[in-house]
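# Structural overview for review
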Amino acid sequence: MNVSVTPRYDRIVSLVFVVIIGLAVIFLIDVNPNILRARLGGDLPIITVSWLLIASLVMITSAGADLLARSHPQMQTRALPVLNLGFVAFELAPAFWILPSFSVVSSFAFFRLFNNLLPGTAFVFALGAAGGLLLLVLTAQHYALERDTTRSQQARLLLQIVAFLLAFGIFCAIFFARLRTVYAAPLIGASATALAYALFQLSPRRGQFGMALLVGLILAETIWALNYWATTFLLGGLVLLIIFYVLVSLLQHHMEGTLQRRLLVEYSLVGSGVLVAVAAVTLL
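Residues numbered from 1 in each chain as written. Predicted model: local features only at pLDDT ≥ 70, side-chain atom pairs only at ≥ 80, totals over all residues. Heavy atoms only, no water.

### Focus: the pattern of salt bridges
- Under the counting rule described, the total for this entry stands at two salt bridges.
- In this structure, aspartate 10 and arginine 8 form a salt bridge, with 2.9 Å as the shortest nitrogen-oxygen distance.
- Residue arginine 8 is classed as partly exposed on the basis of its relative accessible area, which comes to 37%.
- One salt bridge connects arginine 70 with aspartate 66, and the closest N-O pair in it is separated by 2.5 Å. With arginine 70 and aspartate 66 both in helix α2 (residues 49–70), this residue pair falls four residues apart, about one helical turn.
- We classify arginine 70 as partly exposed; its relative accessible area is 28%.
- By relative accessible area, which is 4% here, aspartate 66 ends up buried. (Salt bridge = Lys/Arg side-chain N within 4 Å of Asp/Glu carboxyl O. Buried < 20%, exposed > 50% of the residue type's maximum accessible area, 1.4 Å probe, protein only. Helix = DSSP H or I, 4+ residues; strand = E, 2+ residues; numbered from the N terminus.)

Structural data, given as structure tokens:
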């Protein structure tokens, strides 16, 4: 008999409120982009205090997600990485940090692009998206660990959908910045690797990290070509998302031993068709 464990909503909601309040403060600071900026010189990207504060929120979110994941009974039987400080050792669950962290970063980075066009609305949407996605991810990660196959599969499907939404948001933000390839490629590659690894962890198999690195490498190479393409950041982000989706889907089937020629043809046709459609819209 499968016994379901209720998520710790008290902890989840508390963490979500902390993130929302933190993002609200960051957006208020970000109203004046000309203050608290660090120019590193040369053609290096400008660093604002907002991103330093976002990094702090990511650390808080990761710590909260780690505690929530490790408190689940099913995690007691898993071999987790251990951080040994000499005098004390901690078990960590880094795979459960990724989607919660990207819920914060991607929401902030994407809706921040619309600050000039819709200042008040973008602020509200960013807070709503970050809070809603974080609540959804933390709850779904809990149910993804359940022994109940039906509930676990539903939670994993939800996490996959959220991961693709987060990927689109972060890809759009990076493409919008129009950074040189030497900066854009590592950012795209690292984001794609992390998100792919989070998706592969939903059905643990050997070689997950290597496959995730492959996805990141291909996306990093793709941004090099896209930097020569005069298109909007939404279409650029969509192209990167399509390639990311096709790669992750095919590699998931490969690791699970279910990859067939029919699936390979279907994903190739769907991906190629959408890419052609996006290119045609750009040329109109």
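### Some details on the packing of helix α3 (residues 98–111) against helix α6 (residues 181–200)
- Running from N to C, α3 and α6 cross one another at 135 degrees; their axes reach a closest spacing of 9 Å. Here α6 runs oblique to α3, going by the angle between their axes. Residue-level contacts link Ile98, Leu99 and Phe102 of α3 to Ser191, Ala194, Leu195, Tyr197 and Ala198 of α6.
- Along the lines of polarity and charge, the residues of the contact of α3 with α6 split into seven nonpolar, one polar and no charged. (Axes fitted to C-alpha atoms, helices over the stretch in contact; angles between N-to-C directions. Parallel < 35°, antiparallel > 145°, perpendicular 65-115°, else oblique. Contact = heavy atoms within 4.5 Å. Nonpolar A, V, L, I, M, F, W, Y, C, P; charged D, E, K, R; others polar.)

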